[in-house]
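Commentary on secondary and tertiary structure
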Amino acid sequence: MFIPKKLKHRKHHRGHTFGQATAGAEIAFGQFALKALESSWVTARQIEAARRAMTRYVQRGGKIWIRVFADKPVTLHGNESPMGGGKGAVDHFVSVVKKGKILFEMDGVTREQAQEAMRLASYKLPVKSKFLAKEKQG
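Here goes a summary of the coordinates provided. In this text the structure is predicted, and so the values were computed from the model without any measurement.

If you tally the helices and strands in the protein chain, you get two helices and seven strands. N-terminal to C-terminal, the α/β element order of the protein chain is β-β-α-β-β-β-β-α-β. The dimensions of the protein chain, computed from C-alpha atoms along their principal axes, are 60 × 30 × 25 Å. Looking at the 138 residues of the protein chain, the share that counts as buried comes to 36%. Contacts in the protein chain between residues far apart in sequence, at least 24 positions, make up 81% of those at least 6 positions apart. Summed over all atoms, the accessible surface of the protein chain reaches about 9,100 Å², with 50% contributed by carbon and sulfur. Distance from the positive charge centre (26 side chains) to the negative charge centre (11 side chains) of the protein chain: 5 Å.

Below, the structure is given as structure tokens:
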């Protein structure tokens with residue numbers, strides 16, 4: 001599972017997820033991509049499950065780029081803990097995904113293979129997503 005090696009601050013504020021993605025909204029590396037159509041938190045476990053689904057489908061053929069990284073710590077208190085006592089311990093890490101963000105990219109496979117692999121990956125994610133293909137120049 002992907003977690004950051006080092007953090008500037010151990011615990012973060014929750015923040016907000018409204019608005020469009022500005023960075024990472026275009027296909028940069030591969031021919032095919034999976035784009036988020038809504039905003040949400042995507043956990044490190046969900047990213048890993050989607051990656052495994054894609055890799056397993058293409059049988060380790062082609063190249064996959066993961067364009068999101070879970071670097072935001074989420075804290076949880078134990079069950080039935082009383083009010084007060086400060087902020088809970090870090091439980092897991094999430095990536096803030098805004099509408100329009102490219103989540104995964106793929107190259108070196110056919111369009112049909114990429115589309116099916118991305119479809120399988122999208123089932124593992126909490127956001128609605130769309131398959132994109134780069135237009136050929138020339």
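Here we come to the nonpolar core. Burial of nonpolar side chains together is a common tendency in soluble globular proteins. If you look at the biggest cluster of nonpolar residues, it comprises 24 residues, and the most contacted ones within it are Met54, Leu103, Phe104, Met106, Met118 and Leu125. The set of elements that each furnish at least two residues to this core consists of strand S1 (32-36), helix H1 (44-57), strand S5 (89-97), strand S6 (102-107) and helix H2 (111-122). Aside from chain neighbours lying at most four places away, what touches Phe104 is Phe32, Ala33, Leu34, Ile47, Ala50, Arg51, Met54, Trp65, Ile66, Met118 and Leu125.

A few words now on H1. Relative to the 20 Å expected for 14 residues at 1.5 Å per residue, H1 spans 20 Å between its end C-alpha atoms, a close match to the ideal helical length. By the burial criterion, the buried members of H1 are Ala44, Ile47, Glu48, Ala50, Ala53, Met54 and Thr55. Against the buried residues of H1 lie strand S2 (40-43), strand S3 (63-66), S5, S6 and H2. Just downstream of H1 lies Gln59, where phi reads positive at about 50°.

Spatial strand order, S2-S5-S4: three strands in an open sheet with antiparallel pairing. One side of each edge strand has no neighbouring strand; the edge strands of this open sheet are S2 and strand S4 (72-76). Neighbouring strand axes in the sheet, compared pairwise and without regard to direction, differ in orientation by 50° on average. The pairing of S4 with S5 spans five bridges and is classified as antiparallel. Bridge pairing in S5 places Val74 opposite His92. Taken strand by strand, H1 contacts S2 and S5, and its axis lies near 70° from that of S2.

Cut-offs applied
Residues numbered from 1 in each chain as written. Predicted model: local features only at pLDDT ≥ 70, side-chain atom pairs only at ≥ 80, totals over all residues. Heavy atoms only, no water. Helix = DSSP H or I, 4+ residues; strand = E, 2+ residues; numbered from the N terminus. Buried < 20%, exposed > 50% of the residue type's maximum accessible area, 1.4 Å probe, protein only. Contact = heavy atoms within 4.5 Å. Areas by Shrake-Rupley, 256 points an atom, 1.4 Å probe, with all protein chains shown as cover. Lys, Arg positive; Asp, Glu negative; His and termini not counted. Charge placed at Lys NZ, Arg CZ, Asp CG, Glu CD. Core = buried A, V, L, I, M, F, W, Y, C linked by side-chain atoms within 4.5 Å. Expected span 1.5 Å × (residues − 1). Pairing = 2+ DSSP bridges. Axes fitted to C-alpha atoms, helices over the stretch in contact; angles between N-to-C directions.

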